[in-house]
Amino acid sequence: MIDVPYQLELTRPWLLAGLIVLPLLVYYFYRSLVDFSRRQRAVSLLIRSMVVVLLVLALSGLTLLVPTARKFVVFVSDASMSVDEKSQEKAIQFLQQVQQHVGKNEMAFLSFAEEPGRIEAEFSPESLKIDRPDQGTNLAAAIEVAVAAIPPFYVPEVVLLTDGNQTEGDALQAALAGGVPISTVPLPTRADPEVQVSAVNVPAQVRQGEPFNVEVVVDSNHDGQGTIDVFRGPHKLQSSKQTIKKGENRFRFQQAVPSERMAEFSARIHGFQDTLLDNNTASGLVFTAGKPRVLLIDSDPKTTRHLVWALDEQDIKVDVRPPEGTPASLSGLQNYEAVIFSNVPATDLTIRQMEVVRSYVQDLGGGLIMLGGDQSFGLGGYYKTILEEILPVRSDFEKEKEKPSLAMVLIIDKSGSMGGMKIELAKDAAKSAVELLGPRDQVGVVAFDGQSYWVSEVHSASDKNYLIDRISTIEASGGTNIYPAMADAFEALGATAAKLKHIILLTDGHSSPGDFEGITSQMASARMTVSTVAVGNGADQPLLENIARIGNGRYYYCDDPQTVPQIFAKETVTASKSAINEQPFVPQIVRPTEVLNGLDIESAPFLLGFVVTRAKPTSEFILASESGEPLLVWWRYGLGMTVAFTSDAKNRWAAEWLSWPKFNTFWAQIVRHAMRKSEAKGVFVEVKRRGRQATVSLDAVDAAGQFLNKAETTLTIVSPELGTRKLPMTQTAPGRYVAQFETARQGTYHLEMSQQNQGKLTFRQTRGLVVGYPDELRLRPTDKQLLRKISQVTSGTYDPKPEAVFDPGDRTADRAEPLWPYLLMVAAALFLADVALRRIDFSLIFRTADQRG
């Protein structure tokens with residue numbers, strides 16, 4: 001084999017197509033009429049051809065590759081939390097020694113933790129620092145950036161200074177893909193006294209009341225004594241003083257789940273000699289199988305005893321809470337198969353609580369039942385809310401002609417403090433109020449700052465587009481003076497002939513002085529009602545509360561401006577006195593269903609009232625009033641089901657039903673129909689997490705004990721911030737289905753698995769995963785095995801000496817030397833010679849040369 005030290009290379013070889021000019025030169029050589037000698041013309045052709053060849057080679061990027069042993073080394077230093085100051089000092093000392101042996105070579109520096117930092121040409125101890133290093137260690141990303149930073153024409157190398165404890169990515173795969181030798185320098189992990197709760201191991205599922213062990217795994221780098229506390233949810237169950245040894249320690253605590261469907265057991269340690277506190281807590285989730293459980297939310301919990309007793313008689317456990325007890329996290333709802341809202345206004349619920357209920361129904365298959373009352377559906381302000389979106393009925397309705405007409409004036413604060421989101425939500429609220437009014441109603445809008453302005457004088461609500469367009473023009477600016485706006489509203493309503501007259505006043509500030517009691521008393525005397533809405537702490541709450549009291553209206557305080565549209569919707573429907581029908585009626589069956597089997601509905605007692613709603617087009621309309629309005633409607637929403645019962649289950653409208661022998665059965669069958677289905681016989685689910693990657697494995701067999709294959713299996717993931725993803729679970733073995741997903745955020749991940757076989761739902765099951773502190777904070781020794789493997793597979797060196805890093809080896813690189821300047825110079829000289837041959841007759845010279853020859 002011949003060793004060729006120098007090589008030629010074309011960087012743009014496609015430009016060699018320019019050599020097509022050469023045949024043209026030969027053609028014109030034979031066709032030329034020049035009377036120079038043939039030999040002179042031949043020499044001219046040769047030189048001209050050489051000029052063309054040289055120019056084409058220059059354009060094609062002819063390059064001379066010269067062998068070089070000069071190195072370009074990128075030093076990649078770990079700046080994550082698992083590397084302490086002593087390890088940083090070792091890295092700094094190593095790099096300072098390396099600098100003394102650079103010679104003619106080149107070097108660069110890169111620090112990394114969860115993300116790589118910037119490539120630095122000069123080394124300084126500050127360059128090893130990185131912002132927010134406690135999130136993780138991504139060796140793979142650092143290797144990829146380092147390899148990409150090495151310029152061509154050098155012998156490449158990467159030196160990796162790290163403890164090797166990666167929390168994400170695959171460093172070995174990145175090293176193989178880089179194709180560059182990687183030398184590894186192992187750094188020691190943290191040496192400070194450290195104790196951590198590594199895991200809380202609990203069984204995935206147990207029976208209610210069944211004892212089981214909560215295993216707490218504690219790792220330490222020293223011997224010591226301290227206390228371990230065990231919690232179920234927020235409740236401390238056990239506190240135990242324990243002695244630990246260096247390494248792994250396991251402690252078992254016997255516990256049980258008395259009633260919850262899902263319980264989170266956590267362990268916390270304190271009293272140990274410790275450095276980091278963020279890794280002193282870990283959690284695990286336990287799911288239980290037992291009697292179905294529902295959560296009943298009611299504004300007056302004392303009035304729920306009849307429904308609670310009825311369901312308890314049917315082996316359905318009920319927890320009763322007021323609206324403020326509605327869970328604001330999915331973990332709080334996972335204990336229940338269904339949620340019942342009984343006469344709860346939307347204004348008593350936060351946006352977060354509504355979002356959690358929607359996710360519970362849509363993504364986790366939970367059930368939602370809404371019962372009627374004077375604070376429910378439209379009367380509760382549910383128009384255009386998150387919960388109305390998932391319910392099978394709408395809160396707006398066609399107002400009956402015989403209902404009394406309503407004239408309403410909306411007084412909206414447009415002062416400077418209402419700028420931004422507040423004024424936009426106020427405008428949305430006003431538009432929603434307009435949409436809820438009937439064609440016989442009238443509405444006007446007054447905006448005020450230091451003065452009063454009619455946005456729209458009292459106008460027929462049938463012209464909704466005009467009113468909505470006018471409301472959109474409101475802009476925030478100026479001071480706050482409520483009285484002139486109230487005076488304008490009083491005068492305008494006094495001129496109308498409507499039977500019902502109502503004012504809604506919204507402000508977020510203190511007003512200039514005015515006779516508010518006097519004008520409100522005049523409104524009350526004229527049979528006008530006044531409701532007030534205080535937005536935020538800056539509003540004059542005592543004044544607004546007093547105006548609402550004198551005006552026989554309602555006072556609302558909202559610290560969250562997003563609830564303003566719900567308040568306006570509630571006020572509009574309440575003021576119109578159209579949403580309640582309190583005429584006794586017997587329920588009528590619209591659509592027969594198995595859910596009502598065994599119940600003679602038509603012989604049931606009278607119901608004494610209901611809330612007027614409209615069934616949505618795709619819902620199942622089951623029961624109606626005698627006049628045809630919805631009484632019982634349901635539909636499937638996502639994985640779950642929602643039910644609307646527009647009457648109540650109390651001694652107001654259902655007073656006659658309470659003595660009906662089928663009262664218990666009716667409500668038990670409705671609740672069981674709506675609740676989450678969790679039949680999972682023959683199914684085993686396992687959830688594991690390694691680094692950021694979580695793996696869900698599901699093993700399924702049919703009733704005959706045979707593996708269930710080729711079933712459509714889906715995993716729904718609800719992240720801690722309520723984001724939702726659906727993943728298909730892939731079959732990897734007989735009866736086994738697997739899916740993987742990233743757990744980028746801390747918190748509880750709720751998992752819903754469903755499986756269909758031949759178009760039939762065979763099972764649905766819920767699991768969860770708690771992601772605690774970052775893996776970066778875990779106690780782990782230096783991963784020397786990984787570092788040795790990286791250096792071995794890339795032909796690098798494990799733990800090299802600083803003075804040996806830049807030693808020349810057998811490897812060389814080709815340094816490119818562009819030849820186009822030289823080619824152009826030769827072409828220019830030959831071009832001058834060609835010009836001379838085409839201008840001067842050298843025939844005498846050529847003739848003399850021939851004679852001599």
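Residues numbered from 1 in each chain as written. Predicted model: local features only at pLDDT ≥ 70, side-chain atom pairs only at ≥ 80, totals over all residues. Heavy atoms only, no water.

**Focus on the overall build of the protein**
Logical step 1: Summing up its helical and strand segments, the protein has 19 helices and 41 strands in all.
Logical step 2: The globule rule puts the C-alpha radius of gyration for 853 residues at 29 Å, and the 41 Å found for the protein is more than 25% above it.
Logical step 3: Taking the principal axes of the C-alpha coordinates as reference, the protein spans close to 135 × 80 × 65 Å.
Logical step 4: Relative to its 853 residues, the protein shows a buried fraction of 51%.
Logical step 5: When the accessible surface of the protein is totalled, it reaches about 39,300 Å², and 51% of it is carbon and sulfur. (Helix = DSSP H or I, 4+ residues; strand = E, 2+ residues; numbered from the N terminus. Rg over C-alpha atoms; globule rule 2.2 N^0.38 Å. Buried < 20%, exposed > 50% of the residue type's maximum accessible area, 1.4 Å probe, protein only. Areas by Shrake-Rupley, 256 points an atom, 1.4 Å probe, with all protein chains shown as cover.)

**Considerations on the packing of helix H6 (residues 305-313) against helix H16 (residues 663-674)**
Logical step 1: Remark: H6 packs on H16, axes separated minimally by 8 Å, with the N-to-C direction vectors making an angle of 75°. Looking at the two axes, H6 sits roughly perpendicular to H16. Taking contact as the criterion, the partners of His 306, Leu 307, Trp 309, Ala 310, Leu 311 and Glu 313 in H6 are, on H16, Phe 663, Asn 664, Trp 667, Ala 668 and Val 671.
Logical step 2: Tallied by class, residues from the contact of H6 with H16 come to 8 nonpolar, 2 polar and 1 charged. (Axes fitted to C-alpha atoms, helices over the stretch in contact; angles between N-to-C directions. Parallel < 35°, antiparallel > 145°, perpendicular 65-115°, else oblique. Contact = heavy atoms within 4.5 Å. Nonpolar A, V, L, I, M, F, W, Y, C, P; charged D, E, K, R; others polar.)

**Focus on unusual backbone geometry**
Logical step 1: Positioned with a positive phi, Lys 384 is a non-glycine residue whose angle comes to about 60°.
Logical step 2: Its place among the elements puts Lys 384 in the loop between strand S18 (367-371) and helix H9 (386-390).
Logical step 3: Positive phi is not limited to glycine here, since Ser 795 has a value of about 65°.
Logical step 4: Within the secondary structure, Ser 795 sits in the loop between helix H17 (784-793) and strand S41 (813-818).

**Considering the packing of aromatic side chains**
Logical step 1: Within the structure shown, the criterion is met by 15 aromatic pairs.
Logical step 2: Note on Phe 75 and Phe 109: the rings are 5.9 Å apart at their centroids and 20° apart in plane angle, and the pair reads as stacked. A residue pair is termed long-range when its members are at least 10 positions apart, and Phe 75 in strand S3 (residues 71-78) and Phe 109 in strand S4 (residues 106-112) qualify at 34 residues.
Logical step 3: Under the relative-accessibility criterion, Phe 75 is labelled buried at 1%.
Logical step 4: Aromatic side chains Trp 657 and Phe 666 sit 5.1 Å apart centroid to centroid with 85° between the ring planes, which places their arrangement in the edge-to-face category.
Logical step 5: Cluster of aromatic residues (ring-pair linked, three or more members): Phe 645, Trp 657, Trp 660, Phe 666 and Trp 667.
Logical step 6: If you follow Arg 268 out to its NZ or CZ, it ends over the ring of Phe 231, 4.3 Å from the centre. (Phe/Tyr/Trp six-rings, centres within 6.5 Å; stacked < 30°, edge-to-face > 60°. Lys NZ or Arg CZ within 6 Å of the ring centre and 35° of its normal.)

**Looking at helix H3 (residues 85-99)**
Logical step 1: The end-to-end C-alpha distance of H3, which contains 15 residues, comes to 21 Å, matching closely the 21 Å that a straight helix rising 1.5 Å per residue would cover.
Logical step 2: Listing the buried residues of H3 in full gives Ser 87, Gln 88, Ala 91, Ile 92, Phe 94, Leu 95 and Val 98. Mapping the buried residues of H3 onto a view down its axis gives an arc of 160°, with all of them on the same face. Along H3, the residues that are exposed and aim more than 90 degrees away from the buried face are Glu 85, Lys 86 and Glu 89.
Logical step 3: Close packing links the buried residues of H3 with S3, S4, strand S5 (155-162) and strand S6 (182-186). (Expected span 1.5 Å × (residues − 1). Arc of directions from axis to C-beta.)

**What about the pattern of salt bridges?**
Logical step 1: One pass over the structure, following the stated rule, counts 27 salt bridges.
Logical step 2: Among the ionic pairs, Asp 229 bridges to Lys 236, the shortest N-O distance being 3.8 Å.
Logical step 3: Classification of Asp 229 as buried rests on a relative accessible area of 5%.
Logical step 4: Notably, a salt bridge pairs Lys 414 with Asp 449, separated by 2.8 Å at the nearest N-O pair. Taken together, the residues Lys 414 in the loop between strand S20 (406-413) and helix H10 (421-436) and Asp 449 in the loop between strand S21 (442-448) and strand S22 (452-460) connect sequence positions 35 residues apart. Of the two residues, Lys 414 and Asp 449, both sit in the buried class.
Logical step 5: Within this structure, Glu 215, Glu 248, Arg 250 and Arg 252 form a network of salt bridges that share partners. (Salt bridge = Lys/Arg side-chain N within 4 Å of Asp/Glu carboxyl O.)

**A word on the sheet that holds strand S13 (residues 262-270)**
Logical step 1: Overall, mixed pairing links the 5 strands, which are arranged S8-S14-S13-S10-S11 in an open sheet. Bordering the open sheet on either side are strand S8 (205-207) and strand S11 (235-244), each of which pairs with just one other strand. For this sheet, the mean angle separating the axes of adjacent strands, direction not counted, is 30°.
Logical step 2: In the sheet, strand S10 (residues 224-232) pairs with S11 via 9 bridges, with the strands oriented antiparallel. Bridge pairing in S11 places Gln 225 opposite Thr 243. (Pairing = 2+ DSSP bridges.)

**Points about the sheet that holds strand S9 (residues 212-220)**
Logical step 1: Across the sheet, 3 strands lie side by side as S7-S9-S12; this open sheet has antiparallel pairing. Taken across any chain shown, the strands that pair with only one partner, and hence form the sheet edges, are strand S7 (195-201) and strand S12 (247-255). When the angles between neighbouring strand axes are averaged without regard to direction, this sheet yields 25°.
Logical step 2: Of the strand pairs in this sheet, S9 and S12 are connected by 9 bridges, and their pairing is antiparallel.

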